[in-house]
Every structure is written in C-alpha cells, then in structure tokens.
Amino acid sequence: MAKHSSPRRFILWAALVGVISGGVFLATAELFALIFARAASPVLAVGGFVIDIVPQPFKEFAIATFGEYDKIALLAGLGLAVLIASAISGILQFLRPPLGVIALVIAGALSTAAIVTRAGMTALAFLPPALGTIVGSFILVVLTRRLKMWRATAFAVPGAATNSAETDPDPRPTGMDRRRFFVLAAVAGASAVIVGITARAVNTAVASVESIRSALKLPSARTKVSVPSGAELDVPGLSPLFTPNDDFYRVDTALTVPTIDPETWRLVIDGMVEQRVELSFQDILDMGLDEYAITLTCVSNEVGGELVGNAMWLGVPLRDVLAKAAPKSGADMVLSRSVDGYTASTPLSALTDDGLDAILAVAMNGEPLPLEHGFPVRMVVPGLYGYVSATKWLTELKVTTFAEDEAYWTPRGYSAQAPIKFSSRVDTPKLGAAVEAGRIPIAGVAWAQTVGIERVEVSIDNGDWVPATLSTPINEDTWVQWFMEWDAKPGTHYVAVRAINKNGDLQVEERASIAPNGSSGWQRSLIRVT
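In this numbering scheme, every chain counts its residues from 1 along its sequence in written order. Restriction of local features to residues with pLDDT of at least 70 applies here, the model being predicted, together with a cutoff of 80 or more for giving and counting side-chain atom pairs; totals for whole chains, interfaces and linings are based on all residues. Computation of side-chain values: all heavy atoms of the structure, hydrogens and water removed.

**A word on the overall build of the chain**
Runs of E in the DSSP output that reach at least two residues are strands. Runs of H or I that reach at least four are helices, and both are numbered from the N terminus. Secondary structure summary: the chain contains 12 helices and 18 strands in total. When the backbone C-alpha atoms are referred to their principal axes, the chain occupies close to 100 × 65 × 45 Å. Under the scheme applied here, a residue whose accessible area is under 20% of the maximum for its type counts as buried, over 50% as exposed, and between as partly exposed, the area being computed with a 1.4 Å probe on protein chains only. Of all 530 residues assigned to the chain, the portion counted as buried reaches 48%. In this description, contact between two residues means that some pair of their heavy atoms is separated by no more than 4.5 Å. Put simply, of all contacts in the chain between residues at least 6 apart along the chain, 76% involve residues at least 24 apart. We count Lys and Arg on the positive side and Asp and Glu on the negative side, and we leave His and both chain ends out. Lys charges are placed at NZ, Arg charges at CZ, Asp charges at CG and Glu charges at CD. Separation of charge centres in the chain, based on 43 positive and 51 negative side chains, amounts to 13 Å.

**Topic: the sheet that holds strand β18 (residues 523–529)**
Note on pairing: DSSP must find at least two bridges between two strands before they are called paired. One open sheet holds the 4 strands; their spatial order is β14-β13-β17-β18, and the pairing between them is antiparallel. Both edges of this open sheet fall to β14 (466–467) and β18, since each of them pairs with a single strand only. One ladder, built from 2 bridges, connects strand β13 (residues 453–460) with β14; its direction is antiparallel. Pairing of E457 across the sheet is with P467, part of β14.

**Some words on the pattern of salt bridges**
Just to be clear on terms, a salt bridge is a Lys or Arg side-chain nitrogen sitting within 4 Å of an Asp or Glu carboxyl oxygen. Summed over all chains, the structure comprises 16 salt bridges. Across the pair R425 and D427 runs a salt bridge whose closest N-O atoms are separated by 2.8 Å. For R425, a relative accessible area of 5% puts it in the buried group. Assessed through its relative accessible area of 4%, D427 is described here as buried. Note that E509 is salt-bridged to R524, the shortest N-O span being 2.9 Å. Taken together, the residues span a long stretch of sequence, with E509 in the loop between β17 (491–501) and β18 and R524 in strand β18 at a distance of 15 residues.

**Section: helix α4 (residues 70–95)**
Since there are 3.6 residues in each turn of an α-helix, residues three or four apart along the chain are aligned in direction. In a regular helix each residue adds 1.5 Å, so 26 residues correspond to 38 Å; α4 covers 38 Å between its end C-alpha atoms and thus fits that length. Turning to α4, its buried residues are D70, K71, L78, S86, A87, S89, G90, Q93 and F94. Any helix carries an expected span of 1.5 Å times its number of residues minus one.

**Side note on a nonpolar patch on the surface**
Together, L80, L83, I84, I88, L92, L99, I102, I106 and L110 make up an exposed nonpolar region whose accessible area comes to about 800 Å². Taken together, the elements giving at least two residues each to the nonpolar patch come down to α4 and α5 (99–116). It is α4 that contributes the most residues to the nonpolar patch, 5 residues altogether. Within the element layout of this structure, L110 appears in helix α5. Accessibility expressed as a relative area gives 59% for L110, which makes it exposed. Candidates for patches are residues over 30% relative accessible area with no salt bridge; among them, like charges are joined within 9 Å and nonpolar side chains (Val, Leu, Ile, Met, Phe, Trp, Tyr) within 5 Å. A 1.4 Å probe and the Shrake-Rupley method give the accessible areas. Residues count as covered only by the protein chains that appear here.

**Regarding the packing of aromatic side chains**
We call Phe, Tyr and Trp rings a pair once their centres come within 6.5 Å, taking the six-membered ring for Trp, and we label the pair stacked below 30 degrees between planes, edge-to-face above 60, and tilted otherwise. Here the structure, examined in full by the defined rule, presents 15 aromatic pairs. Measuring from centroid to centroid gives 4.9 Å for F10 and W150, while their planes differ by 70°, and the two rings are edge-to-face. Of this pair, F10 sits in helix α1 (residues 7–36) while W150 sits in helix α6 (residues 127–154), placing them 140 residues apart in sequence. With a centroid separation of 6.0 Å and an interplanar angle of 80°, the aromatic rings of W13 and F181 are classed as edge-to-face. One end of the pair, W13, is in helix α1; the other, F181, is in helix α8 (residues 174–207), and 168 residues separate them in sequence. Ring-pair connections join several aromatic residues into one group, and the members of that group are F10, W13, W150, F181 and F182.

**Overview of unusual backbone geometry**
The omega angle of the peptide bond from T428 to P429 is 5°, so this bond is cis rather than trans. The peptide bond linking A515 to P516 adopts the cis configuration, its omega dihedral lying at 10°. Mapping P516 onto the fold places it in the loop between β17 and β18. Residue A326 is not a glycine yet carries a positive backbone phi of 60°. Here A326 lies in the loop between α11 (318–323) and β5 (333–338). Even without a glycine there, the phi angle at D461 is positive, about 55°.

**Details of the sheet that holds strand β1 (residues 266–271)**
In space, the 5 strands of this open sheet follow the order β2-β1-β10-β5-β6, with mixed pairing throughout. Among the strands making up the open sheet, the edge pair consists of β2 (277–280) and β6 (343–347). On average, each strand axis in the sheet is inclined to that of its neighbour by 20°, with strand direction left out of account. For β5 and strand β10 (residues 394–400), the ladder comprises 6 bridges, and the chain directions are antiparallel. Looking at the pairing, V334 lines up with V399 of β10. Each axis is a line fitted through C-alpha atoms, taken for helices only over the stretch in contact, and angles between the N-to-C directions span 0 to 180 degrees.

**Here's the deal with the nonpolar core**
Note on terminology: a nonpolar core comprises buried Ala, Val, Leu, Ile, Met, Phe, Trp, Tyr and Cys residues joined through side-chain atoms within 4.5 Å. Counting 64 residues, the largest nonpolar core has I269, L360, Y387 and L397 as the members making the most contacts within it. Broken down by element, the residue count for this core peaks at 4 residues, all from strand β4 (residues 308–317). The residues contacting Y387, other than those within four sequence positions of it, are V299, Y342, A344, W409, Y414, S415, A418 and P516.

**Quick notes on the packing of α5 against α6**
Put simply, α5 and α6 touch, their axes get as near as 9 Å, and they point 165° apart. Comparing the axis directions of α5 and α6 gives the class roughly antiparallel. With respect to the hand of their crossing, α5 and α6 are arranged in right-handed fashion. Facing G100, V101, L104, V105, G108, S111, T112 and I115 of α5, the residues of α6 in contact are P129, A130, T133, G136, S137, L140 and V141. Oblique is the label for any angle not under 35 degrees, not over 145, and not in the 65 to 115 range, which are roughly parallel, roughly antiparallel and roughly perpendicular in turn. Take the far helix as your reference; a near helix turned counterclockwise from it by less than a right angle gives a left-handed crossing, and one turned clockwise gives a right-handed crossing.

**Description of the pairing of β6**
Burial within β6 is extensive, with 5 of its 5 residues counted as buried. Here β6 shows a buried face lined by T343, S345 and P347 and a second buried face lined by A344 and T346. With 5 bridges connecting them, β5 and β6 associate as antiparallel partners. Note that in β6 the partner of M333 across the bridge is P347. Between the end of β5 and the start of β6, which pair antiparallel, lie 4 residues, with G341 showing a positive phi angle near 95°.

**As for the confidence of the model for the chain**
Averaged over every residue, the pLDDT of the chain is 89; residues scoring 70 or more account for 93%. Low confidence marks residues 161–171, where pLDDT is under 50. Its contacts with residues over four positions away, or in another chain, come to 1 contact. Per residue, pLDDT captures the predictor's confidence, and it can take any value from 0 to 100.

**Re the side chain of T297**
Considering the arrangement of structural elements, one finds T297 in strand β3 (residues 290–297). The class for T297 is buried, based on a relative accessible area of 3%. A distance of 3.0 Å separates a polar atom in the side chain of T297 from a polar atom in the side chain of Q449. Contacts described as polar in this section are N or O atom pairs within 3.5 Å, which, within protein, must combine one atom able to donate a hydrogen with one able to accept it, while residues neighboring in sequence count only if both atoms come from side chains.

Below is the structure:
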C-alpha cells in the first residue's frame, strides 16, 4: 500500500483540499450575497480594490496590452492567485495545523475589508465573506482530517498490534478512509461549483437591467444635429463618422458593469449650492432632450491610438441641471460621482458656459446608453479628457473647489484639469500591413474639440508637408476625416501626419507620455509597399 501512496502524493491531495475549501468559501459568499448584498462578491471587491491601488504605470500597461479586455485579464489573474493561495492553505493545514485555517481567515478578513470599503455597500455587506470564511474553514478542517486518516491507514505497520480486535473494537478496512475522503471531497467540490456558478448567474440576472433598457422609450429630440453633405468620406479602412456603440472604447474602474434601474436612479446636486436638488430619471427626460454630436477622448490614448470615438448623444445641458441648485460664488469645480465610487473633477466653468455643449446624456447613437457606457445617465463634456469629465453611471454632482476636493485620478499622478490635446491619426494603410504599389489613399481622422480642425498635412519619407482633403465637419466638437492620394512605389516608406486647429496652432511635435495630462506628438509610421 505504501508503494502506491507515497507521502508526496498526500501533499498533492492536501493542495486539492485547499482548492476545494477555497471554492466553498467563494461559493458560500456568492450565495449569501444574493440575500444580504448583491455587490458583496469577494473576487469582484478585491478586483476593484486592486484597480484602485495599482500604480499608474501598471494601469497604463494593462490598458495598452489588453485594451477593453483588461478586466477579464484582471479576473483571470485573481482567479489564478486564489487557486495558488488555496492550494498553499491546504498544504499548511495538512502539515502545520491550524496554519491553513489561519490563512483562510486572513483571506476572508482582507476580502471583507475590500467589500465594506467599496462605495454603496449596505450595512450587512460583511456577512457574505464572513459566512464564506466559516464554511470554507469547516470544510478545510474536515477534509484534512479525512486525508490524515487515509494516510494513517495507508502507512500502518501490519502486525503492530497483536490483539487489534481488543484495542480497536471497530477495525476499518484500509480503503474505507480513502473512499470517505473521496466522497466528501467530490461532494464539497461539486457543490462549490454548482452553488457558485448558480449564485453568480442569479445575481447577475437579478441585477440586470438590460431588458428594462431594451424596453425603454425615450422622448424624441427637440432639436437634431444636421449632418452636412460630405461629412463622411468613402475610403476603405477609414474610421466611420460615428463610432458604433459596440466598437466605442471603454476605459473605467468598474470591474463589472453596474446595473441601475432608471426607476430608482437619482441624481443629487449638493455642495456649494443655494439648495440641494435631487432629480429622477423622469425629471431629466421632462427637461427636454436635444441631440449633440461630440467626440470623446481618453487620456490613455497614445499617439495614433484608438481610445477616441465620435457619437451622437441625446441629453440635456449640464448648465440647466446645475442652475436648479444655483452654485454659490467661489465654487470652481464639480466633483461628479459614479455609482461605483469613481469621481471626476470638472471645472465648473466648462459645465456652465453657454458656448459649450456639456450634457447629461441618456442615449448614444440612437439608443439608450449601453450598460457599459453609463446607463441610465452619464456626463459628456467636449474638450476635456474623459477622466475629468465623462463620468458614467452618474449619481452625484458636488459643487466645490479644486482646493477642497480631489478626484479619483488626481492623487494617482494625473492633472486635476485636463483639456484635450488636439491630434491626428492614420487609419489606413494599417501599420504593419503591406499594400500593393500604385495609387492608394492615405486616410485617417483628426480632432480638436471645441476649436475644430483647420487642416491636416502629410509628409512622405521626410518630404514636404502636403495638405490632405478634409471631410465637411459637423461642428467643432467632432472629429473630421481626411485623406490624400499617394503614388506608392515598392519599398518601405515613412509617413507622418500632423494637424492645425482653427486657432492656427500646430499639433505639438514633441512626444509626451499620457501622464499627467495626455500624450502628444506626430504619428509617424512605416508602410511597406510590394
């Protein structure tokens, strides 16, 4: 028997015991989260905590590497970490009890702390991880005991007790403890998988408002944006004039997309105001909706990057919303807050200026806001990077000062105020893709929100700058498309692009990283012609 059950083998079984116990802990927490606090998932809370504390360079690396899949990558990484930590706790409990239980309790305490410190948690949010810790620890102890009993019988010395019937009135076959261990491990493991997956699915289904969003009928726009003839160029590979919702970039701190019922949604306006105001979703609709064409840009957008998009929005002016509360003299900032606790610092002047279309948006490209883009209400402010203006899942507008308050990204190395740096991009030919020799278009987009693009220029192989043909702009808040015909000859060629805005300013050539207030530089690309 010993030959088939080496001590090393029991260490591996102990690791499995830890993994099962960790799964029971998570499944139990998910189950009780349904009862006490749907957002009290240990994995999601710890993931949100990680997002909050990770240094800025790592955040930018994740965005640049994984793009919109950065949250999935984080969850996968957390899952791997939980798997390894659980296996270690099982081994510790097997070799040095109660160290495994202590490790599980520490993990439970850390996840509890991560949960109760998240924004919007209820008073009972601590119960799911606490109960998960208790049940997981119990399973860890019971399974470890069964495993030790199996080991004891597996390595028992035959004939050590001459009168075993007298010393052990209920002798057990050697295989009995092994079978009992397997049965208990299988039941606990299967239960963890079934309960965990079912609880998470039910949690998501209960919280989901996609069906409500799909059935929502918004009032018609009082005014519509006039899209002029020639606003969109017909060039293969060129970004469309309006970015489809499914293709629109998403960068935020929400590990899972918040789901908010418009019937229960409320927007609070307080702080340095004459009167505190609370608005419902219907109150926003009753103000009357208008169309706005606005290009948004993320501060994480590298030169030539894709974290920029243009959309047709439906909403109400923020200046009208703030006027209901009457901001006091001396205020210079509005701290907007999302349902997940994220905050953004927006200059008050940008939200109250009659010449700027800063809005509360309820629709995007002809449909209610997608859940991942802020349903039911978000901010859209032209001319400012999203991290200081485009708060999604909006719940509060606090009128304050930059001296008094700071937003989420400010202590993380970003500027409190961040006007967008105007820029240009080459969409086609794609970097790294070979093109055939002959007459081909070089095309892309350029943006200078609130000012507008005057012209775009292209240089081939460090030659003269040649003006490109521009599309007819919708307004000064949207990007324009551009193109030029090029007689491409075989070889590798160097293509550069730059823009000039309507104030006569030339796009900054000097390269700058995205922190603290956005990247700059001319996009230069190598194009291979065959």
